[in-house]
Amino acid sequence: MVAHRFFRLAVIVGAVVAASASTMAARPGPDAQAKSEYLTGQLLVAAPDMPDPRFAETVIFIVKHDSNGAMGLVVNRLLADGPIADLLEGFGLDSKGASGDIRVHYGGPVQPNFGFVLHSTDYAQEATHVVNDFAALTTELDILHAISVGEGPRKSLFALGYAGWAAGQLESELDRASWYVAPADETILFDDELESKWDRVIAISGIEL
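In this report, the structure presented in the accompanying data block is examined. (Residues numbered from 1 in each chain as written. Predicted model: local features only at pLDDT ≥ 70, side-chain atom pairs only at ≥ 80, totals over all residues. Heavy atoms only, no water.)

Per the secondary structure count, the protein includes six helices and 10 strands. Looking at the 209 residues of the protein, the share that counts as buried comes to 48%. Once local pairs closer than 6 in sequence are excluded, the contacts in the protein between residues at least 24 apart make up 69%. Total accessible area on the protein stands at roughly 9,900 Å², and carbon and sulfur atoms take up 50% of it. (Helix = DSSP H or I, 4+ residues; strand = E, 2+ residues; numbered from the N terminus. Buried < 20%, exposed > 50% of the residue type's maximum accessible area, 1.4 Å probe, protein only. Contact = heavy atoms within 4.5 Å. Areas by Shrake-Rupley, 256 points an atom, 1.4 Å probe, with all protein chains shown as cover.)

Below, the structure is given as structure tokens:
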């Protein structure tokens, strides 16, 4: 990918990513009795006849689902990749000692300039939302610097935007068979084989198309 394109992407994300933390914080948690009815920590797999082209053959990790709606990140679509030092410089952060590349994923069509880091639970800070035993979400830029110098989580996925549903909307889409539900695990969530992930989740989960 051309470096200046990656740099512009970094600037756009840096201008708005801080606001995503307050967006997540404002979402209330699920009622304890109803918790088992929700899909937090599971995968949504788009049906072959998914009517919305934005979600064709997508796999979405559900970060939060309760009576107020749902929020998740697409985990099998790549937007761009490039040196993580370029991304840090675009955010106005110190890139000294930064090494390696970073992949920028399409997290969903809602607020596409907001940045999210989905990662393993061995890393946490104040802005980290723990989803389950193996996945957490952080919205503060400090995590990108930590990743760049080898002090971040073992596994991570940086995404722009998210998929969101109002109260009852996801349930309606499930009733219409637009989505399948599948269990998530750390390997399938964070691996880089994006093009085959939809097929692999279906095969592993035993979903009958």
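On to unusual backbone geometry. Positive phi, normally seen in glycine, also occurs at glutamate 57, with a value near 55°. On the basis of relative accessibility, which here comes to 49%, the residue glutamate 57 falls in the partly exposed class. Notably, glutamine 111 is not glycine yet its phi reads approximately 45°, a positive angle. Mapped onto the elements, glutamine 111 comes out in strand 6 (residues 110-119). On the basis of relative accessibility, which here comes to 33%, the residue glutamine 111 falls in the partly exposed class.

What follows is about the pattern of salt bridges. Here the structure, examined in full by the defined rule, presents five salt bridges. Note that aspartate 192 is salt-bridged to arginine 103, the shortest N-O span being 3.5 Å. With aspartate 192 in the loop between helix 5 (186-190) and helix 6 (197-205) and arginine 103 in strand 5 (residues 101-106), this pair connects stretches of sequence that are 89 residues apart. For aspartate 191, the salt bridge goes to arginine 200, with nearest N and O atoms at 2.9 Å. (Salt bridge = Lys/Arg side-chain N within 4 Å of Asp/Glu carboxyl O.)

Tracing the chain through its elements places proline 153 in the loop between helix 3 (142-148) and strand 9 (156-166). According to the relative accessible area criterion, proline 153 is buried, its value standing at 10%. When the C-alpha positions of proline 153 and isoleucine 143 are compared, they lie 8.4 Å apart, and in sequence the two are 10 residues distant. Beyond its immediate stretch of four places on either side in the chain, proline 153 contacts His119, Ser120, Asp122, Tyr123, Ile143 and Ile147.

Judged by nonpolar contacts, the single largest core of 40 residues is most densely connected at Leu43, Ile60, Phe61, Leu118, Trp165 and Trp179. Contributing elements (two or more residues each) for this core: strand 1 (43-46), strand 2 (59-66), strand 3 (69-74), strand 6, strand 9, strand 10 (179-182), helix 5 and helix 6. Look past the residues within four positions of leucine 118 in its chain and what remains in contact with it is Phe61, Leu73, Val75, Ala135, Ala136, Leu137, Lys155, Ser156, Leu157, Leu189 and Phe190. Judged by nonpolar contacts, the second largest core, of 16 residues, contains Ile102, Val104, Val117 and Phe158. (Core = buried A, V, L, I, M, F, W, Y, C linked by side-chain atoms within 4.5 Å.)

This next bit is on the layout of surface pockets. A volume near 250 Å³ is recorded for the largest pocket. Lining the largest pocket are 17 residues; nearest its centre among them are Asp101, Ile102, Arg103, Ser156 and Leu157. The set of elements that each furnish at least two residues to the lining of the largest pocket consists of strand 5, helix 3 and strand 9. Per element, the largest residue contribution to the lining of the largest pocket is four residues, and it comes from strand 5. Of the residues contributing to the lining of the largest pocket, the split by class is eight nonpolar, five polar and four charged. (1 Å grid on protein atoms, 1.4 Å probe; cavity = no way out; pocket = protein on both sides within 12 Å on 5 of 7 lines; lining within 4 Å. Points joined across faces, edges and corners; volume = space filled by probe spheres on them. Nonpolar A, V, L, I, M, F, W, Y, C, P; charged D, E, K, R; others polar.)

Here we take up the pairing of strand 9. Most of strand 9 sits out of view: eight of its 11 residues are buried. Pairing analysis gives four bridges linking strand 3 to strand 9, with the strands arranged antiparallel. Paired with glycine 72 across the strands is alanine 163, a residue of strand 9. When strand 5 meets strand 9, the two strands line up parallel, connected through three bridges. Bridge pairing in strand 9 links valine 104 to phenylalanine 158. The pairing of strand 6 with strand 9 spans six bridges and is classified as antiparallel. Considered in strand 9, the bridge of valine 117 is made with phenylalanine 158. (Pairing = 2+ DSSP bridges.)

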